[in-house]
Amino acid sequence: MNPGILYAALAFFCWGLFPLYFHAIGPVPPMEILSHRMLWSLVFLAVVLTARSQWGWLPEVLKKPKIIVSFVASALLLTANWFFYIWAVKNGHVIDASLGYFINPLINVLFGLLFLKERLRPGQWAAVGLAALGVAWLTWQAGKPPYIALVLGLTFGGYGLLRKTAALAALEGLSFETIILFPLAAAYVAWLSLHGENTFVNSPASTRWLLAAAGPITAIPLLLFAAGARRIPMSVLGMLQYLSPTMQMLLGLWFFGEAFSPERLAGFIVIWSALAVYMAEGWWISRRAAG
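These numbers were taken from a predicted model, which means no experiment stands behind them.

Peer 1: Outline the packing of helix α3 (residues 30-51) against helix α12 (residues 214-229), listing residues and values.
Peer 2: Packed helix pairs are specified by the crossing angle of their axes together with the interaxial distance, meaning the distance between the axes. Interhelical geometry of α3 versus α12 gives an angle of 70 degrees and a closest axis separation of 7 Å. The orientation of α3 relative to α12 falls into the category roughly perpendicular. Where α3 crosses over α12, the two elements pack in a sense that is right-handed. Counting all contacts with α3, which are made through H36, R37, W40, S41, F44 and L45, the residues of α12 involved are A214, G215, P216, T218, A219 and I220.

Peer 1: Run through the confidence of the model for the protein, naming residues and quoting values.
Peer 2: As a note on interpretation, predicted positions should not be read in detail where pLDDT is low. Residues with a pLDDT of 70 or more make up 97% of the protein, whose mean pLDDT is 88. When the elements of the protein are averaged for pLDDT, helix α13 (residues 234-240) gives the smallest value, 65, and helix α4 (residues 57-61) the largest, 95.

Peer 1: Just give me the short version of the side chain of N81, but keep the residues and values in it.
Peer 2: Within the secondary structure, N81 sits in helix α5 (residues 65-90). Side-chain polar atoms of N81 contact the side chain of Y101, separated by 3.0 Å. For N81, the contacting residues outside a window of four places in its chain are Y101, L152, T155 and F156.

Peer 1: Outline the UniProt feature "domain: EamA" (unreviewed entry) in the protein, supporting the account with residue identities and numerical values.
Peer 2: In the numbering adopted here, UniProt assigns the feature "domain: EamA" (unreviewed entry) to residues 3-139. Taken as a whole, residues 3-139 contains 83% helix and 0% strand, while its terminal C-alpha atoms sit 41 Å from one another.

Conventions adopted
Residues numbered from 1 in each chain as written. Predicted model: local features only at pLDDT ≥ 70, side-chain atom pairs only at ≥ 80, totals over all residues. Heavy atoms only, no water. Axes fitted to C-alpha atoms, helices over the stretch in contact; angles between N-to-C directions. Helix = DSSP H or I, 4+ residues; strand = E, 2+ residues; numbered from the N terminus. Parallel < 35°, antiparallel > 145°, perpendicular 65-115°, else oblique. Left-handed = near helix turned anticlockwise from the far one by under 90°. Contact = heavy atoms within 4.5 Å. pLDDT = per-residue confidence, 0-100. Polar contact = N/O pair within 3.5 Å; in protein donor to acceptor, adjacent residues only side chain to side chain. UniProt positions renumbered as here; feature names shortened; annotations may be inferred.

Spelled out as structure tokens, the structure:
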């Protein structure tokens, strides 16, 4: 087996298990989980960078305001995505969250059209149109748009757009983002401590260990993903990425017992059909190019 497939599959498998991790943390509020995720991610990444003697990029980046501004923007989008995902899991919306990552590839296509001036092929237009119909059906059926899915899809799509054009690789980029976010996270945790509301201090040891584990739990899948993406074609990576939201949806159904009405299922089926069109069209184009 191509090791790249294994690395990428492991990354998406880890992301698919995230609802179980956030559920295990129990009563810790989403904002505090988010803060600890930032803090412990930086600790873990600092250890990795130190072990690899890979800090040389940082002084150069600090001299370039445009790069700093772009990473401030990507860090804020990443923060929004993390927060809404944690909130969704802890408030019984795991299936809605999974929908956000099902539609994310099609949001990426739209962002490429709008911001990178990429031209869409007829098959891609068909996929985007089908996805829009699925979202419209879910909106009509529920009486409101699927806000959670749209926020997650748009924030992660925007994050991906900024990282696609970023000047730093995966490890350095994530490290710089956590450096940017560290003061905010540290200030919030300090504020909680001053008011006696720091769950990390007031919780049992098992919860403290789980919060500290947020560092490697966040960083390791991203590093696996980066290692896999360098070794396999984008078409293979695109198919593997659906492992994560599929696992999350199944966890929402079987582990968390969330409702999944036939009407809601119909909307998901339309969106899955859009993804099938998108993948089949990409596979067909790649076969034609290879032949």
